[in-house]
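Chain residues, written in single-letter form:
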Amino acid sequence: MMVLEGKSVFGGIAIGPIGLFEKGEDQVKRYSVEDTEKEKRRFEEAKDTAKAQLAGLYEKALKEVGEANAMIFDVHQMMLDDLDYVESIVNMIETQKINAEFAVASTGDNFSQMFAAMDDAYMKERAADVRDISNRVIRILQGKVAGGIAGDEPVILVAEDLAPSETVQLDKSLVLSFVTKHGSTNSHTAILARTMNIPALIGVDYPSDVEGKMAVVDGFEGKIYVEPDEKTLEHYKNLQAEEENKKKLLQELKGKETVTTDGRKVNLYANIGGVGDVADVLVNDAGGIGLFRSEFLYLGKDTFPTEEEQFKAYKTVAENMAGRKVIIRTLDIGADKKADYFNLGEEENPAMGYRAIRICLQEPEVFKTQLRAIYRASHYGSISIMFPMVISVKEVHRIKEIVKEVKSELEQHGIPYGPVELGIMIETPAAVMISDLLAKEVDFFSIGTNDLTQYTLAIDRQNPKLDDFYDSHHEAILRMIRMVVENGHKENCWVGICGELGADTTLTKAFVEMGIDELSVTPSMVLKVREAVRNI
């Protein structure tokens, strides 16, 4: 038995085989071949396999996210059969006597550059599609999985590190636990692990030969037992059963109000990253969605999501929530959440760089596309919007001007929309200090305690060396939350918390005493927080 130690990101017990996360990003090498006919057959077989995969993805997406979002996989199948594309690959294999992988990579690069140079916006978008289908064929030729989990058995997923865009693309049903060598307990990937309600460890220096071995992850103690002995395995099976029993007891709180013993009601909502998380919100009986992280509609893609794609996602969530509040945070890209097609470039201090509302105000068409989609979806449910990283009244005025333009455009085209509350996230000391002025401009505040802690304490929450200094219970943070609540209430602006601190049941009583109106937490924490409120 091998015992490895790390830092816990989320508690819990996981038992199962270890699976290594495959990046699938190795450089394609060129080499000469003698049998070009054999190489052409390899390409044709890989192309057919890719088409079969895409057909499967189309059917899966059709069920999960609707026809508009699924169409991309249909388009990719057609592109794989494009005569110019296929003939270019076959011609390179024949004339240059090179391997199929290199022929596909070269053709993909050539076609991608050709599309990118075109004036037509639609054709420009096809550049990313060509890269995607070419990479898929190359991975098949190389015998690799497409960045993720090989096989269909649930595993303890072990990786060097996981970017948010990689995490969001994983088949969640196949992940028992996250174990990474690098990363921070306060990173967005750590937050996603907590959202998924699975044990997760970081800072685990695992050997390269662990794949396939049986293991136990102890998310409470921050340990992973590789090939545990019978006594250890039995102990953790019992502990796992106890945890399941505790969860069952919490189920008795379903359908009950989130109210203190003396009658003070708190709105208890859930945070989500996409349409697929709504089921967890409903299963855990949250009163609404307090944070829909819309950036995950942008991550893991090669191009901007269209208005129609976004509309379908927001509409689906609104309809599924059946009149309960859904608060959508506008695009919060940047820092550790990156998508290549934004062309953000490298920054020395990305956490304080070009991100979130700053991008939206500099790229108004990207912003307006999202706002149109949200307002259109508001006709189908109770939707509110909140804007991240706001630091000035001037920014709020500009946001409201753009919102007015969007509503006017919809009215001109006879497109209906519902009443939409506008709010801002309080994530910086600047926003806290002028919260009395900001409260006059908006309907609500939502305090993002993760970034507020980072900026207040001058601690990069992505830096694992600083985990011991990162103190979300710091008196400065608690005083700031109190100040925001007081300033908000003076202007009839309700105040919630959507950061990780909202789920910290050691602070629930303090938040209720401060007058917090709403707490939005990961779905798995809803019933635990309800229990804490009902005991106050």
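Details of the structure are given in the entry above.
Reading guide: rules and limits
- Residues numbered from 1 in each chain as written.
- Predicted model: local features only at pLDDT ≥ 70, side-chain atom pairs only at ≥ 80, totals over all residues.
- Heavy atoms only, no water.
- Pairing = 2+ DSSP bridges.
- Helix = DSSP H or I, 4+ residues; strand = E, 2+ residues; numbered from the N terminus.
- Axes fitted to C-alpha atoms, helices over the stretch in contact; angles between N-to-C directions.
- Contact = heavy atoms within 4.5 Å.
- Parallel < 35°, antiparallel > 145°, perpendicular 65-115°, else oblique.
- Left-handed = near helix turned anticlockwise from the far one by under 90°.
- Nonpolar A, V, L, I, M, F, W, Y, C, P; charged D, E, K, R; others polar.
- Buried < 20%, exposed > 50% of the residue type's maximum accessible area, 1.4 Å probe, protein only.
- Phe/Tyr/Trp six-rings, centres within 6.5 Å; stacked < 30°, edge-to-face > 60°.
- Core = buried A, V, L, I, M, F, W, Y, C linked by side-chain atoms within 4.5 Å.
- Salt bridge = Lys/Arg side-chain N within 4 Å of Asp/Glu carboxyl O.

1. Examining the sheet that holds strand β13 (residues 421–426)
What links the strands of a sheet is backbone hydrogen bonding, and the strands pair in either a parallel or an antiparallel sense.
No. 1: Overall, parallel pairing links the eight strands, which are arranged β9-β10-β11-β12-β13-β14-β15-β16 in a closed barrel. Averaged over neighbouring strand pairs, the angle between their axes works out to 25° when direction is ignored.
No. 2: Bridging between β13 and strand β14 (residues 444–447) involves four bridges; their strand directions are parallel. Looking at the pairing, Ile 426 lines up with Ile 447 of β14.

2. What about unusual backbone geometry?
No. 1: We note that Asp 285 has phi near 65°; this positive angle belongs to a residue other than glycine.
No. 2: One non-glycine residue, Ala 356, lies in positive phi territory at about 50°.
No. 3: Turning to its location among the elements, Ala 356 is positioned in the loop between β11 (326–329) and α11 (357–362).

3. Some details on the sheet that holds strand β5 (residues 175–180)
No. 1: Spatially, eight strands are ordered β1-β8-β7-β3-β4-β5-β6-β2 in an open sheet, and the strand pairing comes out mixed. Looking at which strands have only one partner, the edges of the open sheet turn out to be β1 (2–5) and β2 (7–10). Strand-to-strand twist of the sheet, defined as the mean angle between neighbouring strand axes without regard to direction, takes the value 30°.
No. 2: For β2 and strand β6 (residues 200–202), the ladder comprises three bridges, and the chain directions are antiparallel. Within the sheet, the bridge partner assigned to Ser 8 lies in β6 and is Leu 201.
No. 3: Along the sheet face, helix α8 (residues 230–250) touches β3 (13–20), β7 (214–218) and β8 (223–226) and points at about 120° away from the line of β3.

4. Re the packing of helix α3 (residues 83–96) against helix α4 (residues 100–116)
For any two helices packed against each other, the geometry comes down to the angle between their axes and how far apart the axes lie.
No. 1: Running from N to C, α3 and α4 cross one another at 135°; their axes reach a closest spacing of 9 Å. Between α3 and α4, the angle is such that the two are oblique. At the point where α3 passes α4, the crossing takes the right-handed sense. Of α4, the residues touching α3 (which contributes Asp 84, Tyr 85, Ser 88, Ile 89, Met 92 and Ile 93) are Ala 100, Ala 103, Val 104, Ser 106, Thr 107 and Phe 111.
No. 2: Looking at the contact of α3 with α4 residue by residue, the classes come out as eight nonpolar, three polar and one charged.

5. Focus on the environment of Ile 391
No. 1: Note that Ile 391 resides in the loop between β12 (383–387) and α13 (393–412).
No. 2: With relative accessibility at 33%, the residue Ile 391 sits in the partly exposed group.
No. 3: Distance in space between the C-alpha atoms of Ile 391 and Thr 428 is 7.0 Å, their sequence separation being 37 residues.
No. 4: Among residues more than four places away in sequence, those in contact with Ile 391 are Arg 358, Thr 428, Ala 430 and Ile 434.

6. Concerning the packing of aromatic side chains
No. 1: Counted by the stated rule, this structure contains seven aromatic pairs.
No. 2: A ring pair is formed by Phe 292 and Tyr 314, whose centres lie 5.7 Å apart and whose planes are at 80°; its orientation type is edge-to-face. Note that Phe 292 is positioned in strand β10 (residues 289–293) and Tyr 314 in helix α10 (residues 307–320), a separation of 22 residues in sequence. The same class applies to Phe 292 and to Tyr 314, which are both buried.

7. Notes on the nonpolar core
No. 1: If you look at the biggest cluster of nonpolar residues, it comprises 85 residues, and the most contacted ones within it are Ile 289, Val 317, Phe 387, Ile 426, Phe 445, Ile 481 and Phe 511.
No. 2: Top contributing element to this core by residue count: helix α12 (residues 364–377), with seven residues.
No. 3: If near-sequence neighbours (up to four positions away) are discounted, Phe 445 is found in contact with Ile 424, Ile 426, Ser 435, Leu 438, Ala 439, Val 484, Gly 488, Cys 493, Trp 494, Val 495 and Gly 496.
No. 4: With 29 residues, the next largest nonpolar core counts Val 28, Tyr 58, Leu 80 and Phe 115 among its residues.

8. Looking at the pattern of salt bridges
No. 1: Applying the stated rule across the entire model yields 29 salt bridges.
No. 2: With a closest N to O distance of 3.3 Å, Asp 451 and Arg 355 form a salt bridge. Of the two residues, Asp 451 is situated in helix α16 (residues 449–457) and Arg 355 in the loop between β11 and α11; the sequence distance between them amounts to 96 residues. A single burial state applies to Asp 451 and to Arg 355, both of which are buried.
No. 3: Here Glu 405 makes a salt bridge to Arg 398, at a shortest N to O gap of 3.9 Å.
No. 4: Using a relative accessible area of 31% as the deciding quantity, one classes Arg 398 as partly exposed.
No. 5: Among the ionic contacts, a cluster of salt bridges with common partners joins Glu 307, Glu 308, Lys 368, Arg 372, Arg 376, Arg 398, Glu 401, Glu 405 and Glu 409.

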